[in-house]
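Secondary and tertiary structure notes
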Amino acid sequence: MFEAAGFGRIDCDELVHELLASDQSVISEVSSEFGEAVLADEGGINRRELGRRVFGNPDALKALEGILHPRVRERWESIADAESDKDWVVEIPLLFEKKLENRVDFTVC
């Protein structure tokens, strides 16, 4: 709906998937933290194996978030800054949990 109205759209879950699939520094840091078993055969991170290791383990989840969240925030902010004349919708699943609501103009739920 927002895209049809001319807004740009940034999906933070998609950014996470991109980082885990192709960002070599993320892949290296994640595999160092969680072991080579999280490396996918085709390259990148095996998200299913990573999820098995972090969900249900608060310390592991916190470590993963420490790797990913700053990079995701940096990426969506740089995308929006690159086209600052455009109106953006940023989909952030953990917006309130991670106290990012002050980084947006308003929220739609």
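These notes cover the structure that comes with them. Just so it is clear, the model here is predicted, and its values are computed rather than measured.

Things to note about the overall build of the protein
- Helix and strand content of the protein: 4 helices and 2 strands.
- Put simply, the protein runs from its N terminus to its C terminus through helices and strands in the order β-α-α-α-α-β.
- Along the three orthogonal principal directions, the C-alpha set of the protein runs to about 45 × 30 × 20 Å.
- The buried share among the 109 residues of the protein stands at 31%.
- Once local pairs closer than 6 in sequence are excluded, the contacts in the protein between residues at least 24 apart make up 60%.
- For the protein, the exposed area adds up to about 7,400 Å²; of that, 47% sits on carbon and sulfur atoms.
- Of the charged side chains in the protein, 13 are positive and 24 negative; the average position of the first set lies 5 Å away from that of the second.

What to know about the side chain of Ser 31
- Residue position: Ser 31 is located in helix α2 (residues 24-34).
- Residue Ser 31 is classed as buried on the basis of its relative accessible area, which comes to 14%.
- From its side chain, Ser 31 meets the backbone oxygen of Ser 28 in a polar contact 3.1 Å long.

Observations concerning the packing of helix α3 (residues 47-54) against helix α4 (residues 58-82)
- The contact between α3 and α4 brings their axes to 7 Å, and the two run at 130°. Here α3 lies oblique to α4, going by the angle between them. Between α3 and α4, the contacting residues are Leu 50, Arg 53 and Val 54 on the first element and Ala 60, Leu 61 and Leu 64 on the second.

Focus: the packing of helix α1 (residues 12-22) against α2
- Viewed as axis vectors pointing N to C, α1 and α2 meet at an angle of 80°, and their least axial separation amounts to 6 Å. Compared by their axis directions, α1 and α2 come out roughly perpendicular. Along the contact surface, α1 presents Leu 19, Leu 20, Ala 21 and Ser 22, while α2 presents Gln 24, Val 26, Ile 27 and Val 30.
- Tallied by class, the residues present in the contact of α1 with α2 amount to 6 nonpolar, 2 polar and no charged.

Notes on a negative patch on the surface
- On the surface, a cluster of negative charge is contributed by Glu 83, Asp 85, Asp 87 and Asp 105.
- One can find Asp 85 in the loop between α4 and β2 (88-91).

Section: the packing of aromatic side chains
- Tallied over the entire structure, the rule returns 1 aromatic pair.
- Measuring from ring centre to ring centre gives 5.4 Å for Phe 2 and Phe 7, while their planes differ by 85°; the resulting arrangement is edge-to-face.
- Here Phe 7 falls in the partly exposed class, since its relative accessible area comes to 26%.
- Above the ring of Trp 88, the side-chain terminus of Lys 86 is found at 5.1 Å from the ring centroid.

A look at the nonpolar core
- Counting 24 residues, the largest nonpolar core has Leu 20, Val 30, Phe 34 and Leu 50 as the members making the most contacts within it.
- Every element with two or more residues in this core is listed here: α1, α2, α3 and α4.
- Tallying contributions element by element places α4 first for this core, with 7 residues.
- Every residue in contact with Leu 20, bar those within four places of it in the chain, is listed here: Val 26, Ile 27, Val 30, Gly 44, Ile 45, Arg 47, Leu 50 and Leu 68.

Rules used throughout
Residues numbered from 1 in each chain as written. Predicted model: local features only at pLDDT ≥ 70, side-chain atom pairs only at ≥ 80, totals over all residues. Heavy atoms only, no water. Helix = DSSP H or I, 4+ residues; strand = E, 2+ residues; numbered from the N terminus. Buried < 20%, exposed > 50% of the residue type's maximum accessible area, 1.4 Å probe, protein only. Contact = heavy atoms within 4.5 Å. Areas by Shrake-Rupley, 256 points an atom, 1.4 Å probe, with all protein chains shown as cover. Lys, Arg positive; Asp, Glu negative; His and termini not counted. Charge placed at Lys NZ, Arg CZ, Asp CG, Glu CD. Polar contact = N/O pair within 3.5 Å; in protein donor to acceptor, adjacent residues only side chain to side chain. Axes fitted to C-alpha atoms, helices over the stretch in contact; angles between N-to-C directions. Parallel < 35°, antiparallel > 145°, perpendicular 65-115°, else oblique. Nonpolar A, V, L, I, M, F, W, Y, C, P; charged D, E, K, R; others polar. Patch = residues over 30% accessible without salt bridge, like charges linked within 9 Å, V, L, I, M, F, W, Y side chains within 5 Å. Salt bridge = Lys/Arg side-chain N within 4 Å of Asp/Glu carboxyl O. Phe/Tyr/Trp six-rings, centres within 6.5 Å; stacked < 30°, edge-to-face > 60°. Lys NZ or Arg CZ within 6 Å of the ring centre and 35° of its normal. Core = buried A, V, L, I, M, F, W, Y, C linked by side-chain atoms within 4.5 Å.

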